[in-house]
Amino acid sequence: DKLLTGSPAAAYGPVLFLSHLPFQFFLDPGGVNTESPDRKFERHDVYKLPAPLATQLATLTFHLLGVAALVFGVRKLAGDQVAWGLAALYCGSAYVMGVGGTHEMVNGLTFISHIAAPSLALAAFAMLESPIVAGVLLALSVATVFYPLFFVPAWVGYYWNNRPAMLRFVGGLALAAVVVGGPVIAL
């Protein structure tokens, strides 16, 4: 959408936009706008905004994925009590409970950008035993907003003493980066 160019939405990664598609299709199967003007709006222009419910549902889905991944991953490492304790701590975070306005909020979950990246990073954490899957999920986390890229050295360090696992992790990371980032760069 040309109207996003130069807006804060232009800074978000493709996974945030792709995650909306099933919900937008369900809520408005006919599509929102067939085309977007590449100029400022004038009085006679009509532009239909997507339903905010699509973002709310995508945010909720990411949140549920993140909490489930956190519980699943920590249970394997430290047991039930620690897993549920960390889930409660995570759910009580200011970023999860809501920072910002009330327009986009879903029961405290305010911004999809605050929920999607950590949820996918937690899914990668839950899959530590499957390095290629962990690499793919961490790359998808990076493809929401940029900061999970800084987690890559920690993951490489985790696998450092197991070279085949480290190479599978880096391979999964690279594969997802090419599949998601390639079309973005090409377009």
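Structure: above.
Residues numbered from 1 in each chain as written. Predicted model: local features only at pLDDT ≥ 70, side-chain atom pairs only at ≥ 80, totals over all residues. Heavy atoms only, no water.

Engineer: Just checking my understanding: could you explain a nonpolar patch on the surface for this structure?
Structural biologist: Taken together, Phe146, Tyr147, Phe150 and Phe151 make up a surface patch of nonpolar side chains, about 450 Å² in accessible area. Along the chain, Phe150 falls in the loop between helix 6 (131–142) and helix 7 (152–159). What makes Phe150 exposed here is its relative accessible area of 62%. (Patch = residues over 30% accessible without salt bridge, like charges linked within 9 Å, V, L, I, M, F, W, Y side chains within 5 Å. Areas by Shrake-Rupley, 256 points an atom, 1.4 Å probe, with all protein chains shown as cover. Salt bridge = Lys/Arg side-chain N within 4 Å of Asp/Glu carboxyl O. Helix = DSSP H or I, 4+ residues; strand = E, 2+ residues; numbered from the N terminus. Buried < 20%, exposed > 50% of the residue type's maximum accessible area, 1.4 Å probe, protein only.)

Engineer: I would appreciate a short explanation of the pattern of salt bridges in the present structure.
Structural biologist: Two side chains that carry opposite charge are able to pair once their charged atoms sit near each other. Evaluation of the coordinates by the stated rule reveals one salt bridge. With a closest N to O distance of 2.6 Å, Arg75 and Asp80 form a salt bridge. Note on Arg75: relative accessible area 46%, which makes it partly exposed. Taking the relative accessible area as the measure of exposure, Asp80 reaches 42% and is therefore partly exposed.

Engineer: Which parts of the structure should I look at to understand the packing of helix 7 against helix 8 (residues 163–186)?
Structural biologist: Viewed as axis vectors pointing N to C, helix 7 and helix 8 meet at an angle of 150°, and their least axial separation amounts to 8 Å. Taken together, helix 7 and helix 8 sit at an angle that is classed as roughly antiparallel. Taken together, the residues of helix 8 that come into contact with helix 7 (itself represented by Val152, Trp155, Val156 and Tyr159) are Arg163, Ala165, Met166, Phe169, Val170 and Leu173. Across the contact of helix 7 with helix 8, the residue classes break down as nine nonpolar, no polar and one charged. (Axes fitted to C-alpha atoms, helices over the stretch in contact; angles between N-to-C directions. Parallel < 35°, antiparallel > 145°, perpendicular 65-115°, else oblique. Contact = heavy atoms within 4.5 Å. Nonpolar A, V, L, I, M, F, W, Y, C, P; charged D, E, K, R; others polar.)

Engineer: Teacher, can you tell me more about the environment of Gly135 here?
Structural biologist: Looking at where Gly135 falls in the secondary structure, it is placed in helix 6. Relative accessible area serves as the criterion here: at 0%, Gly135 is assigned to the buried category. Counting along the chain gives 21 residues from Gly135 to Val156, while the straight-line C-alpha distance between them is 9.8 Å. Contacts of Gly135, omitting those with residues within four sequence positions, involve Phe169, Gly172 and Leu173.

Engineer: I would appreciate a short explanation of the nonpolar core in the present structure.
Structural biologist: Taken as a class, soluble globular proteins show a tendency for nonpolar side chains to be buried jointly. Among the nonpolar cores identified, the biggest contains 40 residues, and Phe62, Leu138, Trp155, Tyr159 and Phe169 are the most heavily contacted of them. At the level of secondary structure, the elements contributing two or more residues to this core comprise helix 1 (14–27), helix 2 (52–78), helix 3 (80–91), helix 5 (112–126), helix 6, helix 7 and helix 8. Here the element with the most residues in this core is helix 5; it accounts for 10 residues. Not counting the four nearest positions on each side in its chain, Leu138 is found in contact with Ala121, Ala124, Pro148, Phe151, Val152, Trp155, Phe169 and Leu173. (Core = buried A, V, L, I, M, F, W, Y, C linked by side-chain atoms within 4.5 Å.)

Engineer: Even after reading the chapter, I still don't get the packing of aromatic side chains, so can you show me in this structure?
Structural biologist: In this description, an aromatic ring pair is defined by two values, namely the gap between the centres and the angle between the planes. For the structure on display, the rule yields five aromatic pairs. Ring centres of Trp155 and Phe169 lie 6.4 Å apart, and the angle between their planes is 10°; this geometry places the pair in the stacked category. Of the two residues, Trp155 is situated in helix 7 and Phe169 in helix 8; the sequence distance between them amounts to 14 residues. The pair Trp155 / Phe169 is uniform in exposure class, with both members buried. (Phe/Tyr/Trp six-rings, centres within 6.5 Å; stacked < 30°, edge-to-face > 60°.)

Engineer: When you look at helix 8 in this model, what are you seeing that I'm missing?
Structural biologist: In an α-helix, one turn spans 3.6 residues, which is why side chains three or four residues apart end up on the same side. Here helix 8 contains 24 residues, and its C-alpha end-to-end distance of 32 Å stays within 8% of the 34 Å for a straight helix at 1.5 Å per residue. At Val180, helix 8 shows its largest bend, some 30°, and a proline, Pro183, comes one to four positions later. Those residues of helix 8 lying buried are Ala165, Met166, Phe169, Gly172, Leu173, Ala176 and Val180. Residues of helix 8 that are buried make contact with helix 1, helix 6 and helix 7. (Expected span 1.5 Å × (residues − 1). Bend = angle between axes of the 7 residues up to and from the residue.)

Any functional reading would require information that these geometric values do not contain.
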